[in-house]
Number of protein chains: 2
Amino acid sequence: MRTSEGVEWALHCCLTLVWVGGAEAAPEPVPSARLAAMFELSPTYLNKVLQRLTRAGLLTSVSGPRGGVRLARAPERITVMDVVAAVEGPDPLFACAEIRQRGASAVGAGPREFARPCGVAGAMRRAELAWRRELSAQTVADLAAAASAASVSRVRANHARLAGRSG
Amino acid sequence: MRTSEGVEWALHCCLTLVWVGGAEAAPEPVPSARLAAMFELSPTYLNKVLQRLTRAGLLTSVSGPRGGVRLARAPERITVMDVVAAVEGPDPLFACAEIRQRGASAVGAGPREFARPCGVAGAMRRAELAWRRELSAQTVADLAAAASAASVSRVRANHARLAGRSG
DNA sequence: GGTGACTTACTCGGATATGGAGTGTCCGAGTTAGTGCGG
DNA sequence: CCGCACTAACTCGGACACTCCATATCCGAGTAAGTCACC
């Protein structure tokens with residue numbers, strides 16, 4: 001079990017969008033190809049990842065020249081959980097296959113025997129909820145604010161350099 | 001991202017071992033093939049899963065006739081986290097690839113710039129720790145005790161039936 | 001009857017195939033900035 | 001000078017290969033119970 005590489009990509013791209021976009025309501029869109037160059041990522045695959053964020057309503061995509069993606073809402077209202085869920089999909093970490101109802105172990109069980117949820121699934125679900133709660137407690141804005149001013153300036157400068165060179 | 005099917009298998013097998021073993025210090029070992037029959041699982045693959053639990057020190061395997069596996073220590077001292085870690089491996093859920101240090105985004109960064117851990121990785125790690133804490137808070141004994149007495153009796157009876165028929 | 005080694009069947013353990021999801025790539029549809037012509 | 005249509009390039013979006021891990025399987029090494037002969 002390992003989270004997709006795309007999660008890290010998506011979060012760093014969101015942070016970059018916050019930093020280069022400033023506090024404006026509708027900043028300049030940033031092309032996904034430029035974001036890929038920022039982090040030396042596969043441009044086409046990053047595009048796929050950002051598509052998921054767009055479909056989830058976290059990003060807004062702008063077509064045509066000078067197009068790209070921008071945050072769909074204020075970074076304070078985008079949680080890390082939102083990003084992870086958009087990239088990884090809605091499936092829970094632990095998928096209970098209800099093996100307790102199969103095989104010899106279940107022989108002789110009454111019809112209402114398995115009405116209550118599986119204890120194993122419950123334990124896993126509790127842990128998963130704690131994970132989700134912690135992810136939901138942190139917003140993209142929090143992460144963006146935690147970075148050092150020097151890093152933010154450097155990212156902004158490098159982004160501007162790329163914008164000037166390639167369009 | 002999804003937990004391995006083997007996690008559910010391993011936990012249910014541990015519960016079964018608790019129930020059929022009783023409170024004895026060294027109960028009768030249960031062959032993995034019988035556990036597979038209990039839950040209608042692939043015997044050989046379940047064997048592989050139980051091997052990991054054995055290597056992790058959670059189970060003790062006994063070779064030869066009337067052999068099998070049994071809990072290596074009291075169920076109160078086996079946490080759900082132990083089982084998950086044994087099956088899934090020691091790798092963290094989120095593997096930070098440090099993409100922040102690559103590409104145009106890092107151009108012009110000083111040598112000590114990335115000494116502090118990545119904020120994205122920190123957020124993911126916090127959530128992961130919450131997940132692990134919750135898993136560690138529950139023991140196999142807790143799960144075993146939470147089941148209804150009827151279920152436990154049924155599992156014991158079915159296990160005894162299998163033991164009589166094939167072993 | 002007791003003891004010993006042997007046979008034997010049963011167990012675990014690791015090396016070996018297969019499938020599916022994540023990863024990576026490509027090309028087409030759509031859109032908008034820019035441009036040039038005509039009024 | 002203004003407006004319009006055209007061009008063109010640039011973007012996103014979904015359809016197509018590749019790789020690695022989880023899944024599933026097989027066969028061999030090892031072991032302890034049961035057995036049989038022998039003392």
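Above this text you will find the structure in question.
Quick caveat, the model's predicted, so the values are computed rather than measured.

*Asks:* Where do I start with helix α2 (residues 32–39) of chain B in this structure?
*Replies:* Residues spaced three or four apart along an α-helix face the same direction, because each turn holds 3.6 residues. Residues and elements named next belong to chain B. With six of its eight residues buried, α2 lies for the most part within the structure. Residues of α2 that are buried: S32, R34, L35, A36, M38 and F39. Once α2 finishes, E40 follows within two positions and takes phi at roughly 60 degrees, a positive value.

*Asks:* Before we go on, may I ask you to explain the protein's contact with DNA strand D in this structure?
*Replies:* By nearness alone, 21 residues border DNA strand D, and A:Q51, B:E5, B:S42, B:T44 and B:Y45 come closest of all. Atoms of DNA strand D within 4 Å of the protein belong to the sugar or the phosphate in 60% of instances, the rest to bases. In this structure, A:Q51 approaches DNA strand D through a side-chain N or O atom, which is 3.2 Å from a base nitrogen. With respect to DNA strand D, the side chain of A:S61 contributes an N or O atom lying 3.4 Å from a sugar or linking oxygen. Where the surface near DNA strand D is concerned, the elements lending two or more residues are α3 (43–55) and β2 (68–71) of chain A together with α1 (5–21) and α3 (43–55) of chain B. Considering every element that reaches the surface near DNA strand D, the biggest residue donor is α3(A), with four residues.

Cut-offs and rules
Residues numbered from 1 in each chain as written. Chains lettered and ligands numbered in written order. Predicted model: local features only at pLDDT ≥ 70, side-chain atom pairs only at ≥ 80, totals over all residues. Heavy atoms only, no water. Buried < 20%, exposed > 50% of the residue type's maximum accessible area, 1.4 Å probe, protein only. Helix = DSSP H or I, 4+ residues; strand = E, 2+ residues; numbered from the N terminus. Near = heavy atom within 4 Å. Polar contact = N/O pair within 3.5 Å; in protein donor to acceptor, adjacent residues only side chain to side chain.

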